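# Residue-level structure breakdown
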Amino acid sequence: MRTIGTIEQADSSLDSILHKDAPIEIIAEGFDWSEGPLWIPAHNMLLFSDIPKNKVCKWTADKGLETYLTPSGYTGTTPRGGEVGSNALILDLQGRLVLCQHGDRRMARMDAPLDKPASKFISLADNYGGKKFNSPNDAIMRSNGDLFFTDPPYGMEKQNEDPARELPFHGVFKVATDGKVTLLTDSLTRPNGLALTPDEKTLIVANSDPNKAIWYMFDLAENDSLANPRILRDVTAEGKKEGGSPDGFKIDRKGNIFATGPGGVWIFNSSGKLLGKIKVPVATSNCALAEDDTVLYITASKYVLRVKMR
């Protein structure tokens, strides 16, 4: 197995999560831009998006790399450029695949079983106040079935200058189980990855603006209004040196945060202390926890990586 990168320890407690000599394995490569990894335990498979190619790929230890679903994010017939495919992939409470669809500018559910994928989709949300979303990017589902997602402009051909853009901001939204769409905040310049802490009381949002490369934290107050805004970590300076900004991330059951950002994956404990980094020499976009939080899959530019943890 080919490897890439190194583990950089910032605190000795990283040892309880990840050995500093753990190999960072390349398990698949050759993608335009890999994103949105999702481990599905019932099928022992990893799904992830290759956004520019408008497809979802599948990796298993037995068969390696396969095409899982195409088209995945843009089902229109008018040819267009840009990052048209699906981005983040999640499962809903019934175990069905939910996709952030850049090209179709919506949150959608695949209308097919996981083991018989098909490019048939049911729209879960495609507008706010009658205005189409920019390009839903990352998403999470709360234990009660509420869907949270971010909506930066990366999937639009000309991004902020795209004439098809309808919303004048980049929002963080909630879709309730009855389909009602609520804007949680429009104050972030490039909301990207997001996650809830294990107690579901705090929402963390990555801002992928090179000039404001910050992970923000918010308390979920009454009616899910966002309160007590604060900064988990500002890595704007590191981004200028190493390239890259906060992107997708995951939180394990103990509250440890695995966050893609400048130089690789940043690992924080539940108190926000930096424990170490998985240093990767290409841009990292997202990650997925698997096998009871003992394996981390990372999407990174043209690669998909695997790190076996403790």
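Structure report, in brief. Note that the structure is predicted; figures quoted are calculated from it, not measured. (Residues numbered from 1 in each chain as written. Predicted model: local features only at pLDDT ≥ 70, side-chain atom pairs only at ≥ 80, totals over all residues. Heavy atoms only, no water.)

## Considerations on the overall build of the protein
Heads up, the rule is: Starting at the N terminus, helices and strands are each numbered in turn, a helix being any DSSP run of H or I of at least four residues and a strand any DSSP run of E of at least two. To get the radius of gyration, use the C-alpha atoms; to get the globule rule, take the number of residues to the power 0.38 and multiply by 2.2 Å. Each residue's exposure class comes from its accessible area (1.4 Å probe, protein chains only) as a fraction of the maximum for that residue type: buried when under 20%, exposed when over 50%, partly exposed otherwise. Contact criterion: two residues are considered in contact whenever any of their non-hydrogen atoms come within 4.5 Å of each other. Method for areas: the Shrake-Rupley scheme with a 1.4 Å probe, in which residue coverage is limited to the protein chains shown. The convention is simple: Lys and Arg are positive, Asp and Glu are negative, and His and the chain ends are not counted. For charged residues, the charge sits on one atom: NZ in Lys, CZ in Arg, CG in Asp, CD in Glu.
Along the protein, the regular secondary structure elements total one helix and 27 strands. By the compact-globule yardstick of 19 Å for 310 residues, the protein fits well, its C-alpha radius of gyration being 18 Å. By the burial criterion, 57% of the 310 residues in the protein qualify as buried. Put simply, 47% of the contacts in the protein that link residues at least 6 apart link residues at least 24 apart. When the accessible area of the protein is evaluated, it comes to approximately 12,900 Å², of which 46% is carbon and sulfur surface. Charged side chains in the protein number 37 positive and 40 negative. The centres of these two groups are separated by 1 Å.

## Details of the side chain of D92
The topology assignment puts D92 in the loop between β7 (86–91) and β8 (97–101). Setting aside residues no more than four positions away along its own chain, D92 makes contact with V98, R109 and M141.

## Notes on the sheet that holds strand β10 (residues 121–125)
Put simply, the rule reads: Whether two strands pair depends on DSSP finding at least two bridges between them. For every element, the axis is a line fit to its C-alpha atoms; helices are fit only across the contacting stretch, and the angle between N-to-C directions ranges from 0 to 180 degrees.
Judged by pairing direction, the sheet is antiparallel, and its four strands sit side by side in the order β7-β8-β9-β10 without closing on themselves. Each edge of the sheet is formed by a strand with only one pairing partner; in this case those strands are β7 and β10. Taken over all neighbouring pairs, the strand axes of this sheet differ in orientation by 30° on average, direction set aside. Note that β7 and β8 share four bridges and pair antiparallel. By the bridge assignment for β8, I90 is matched with V98.

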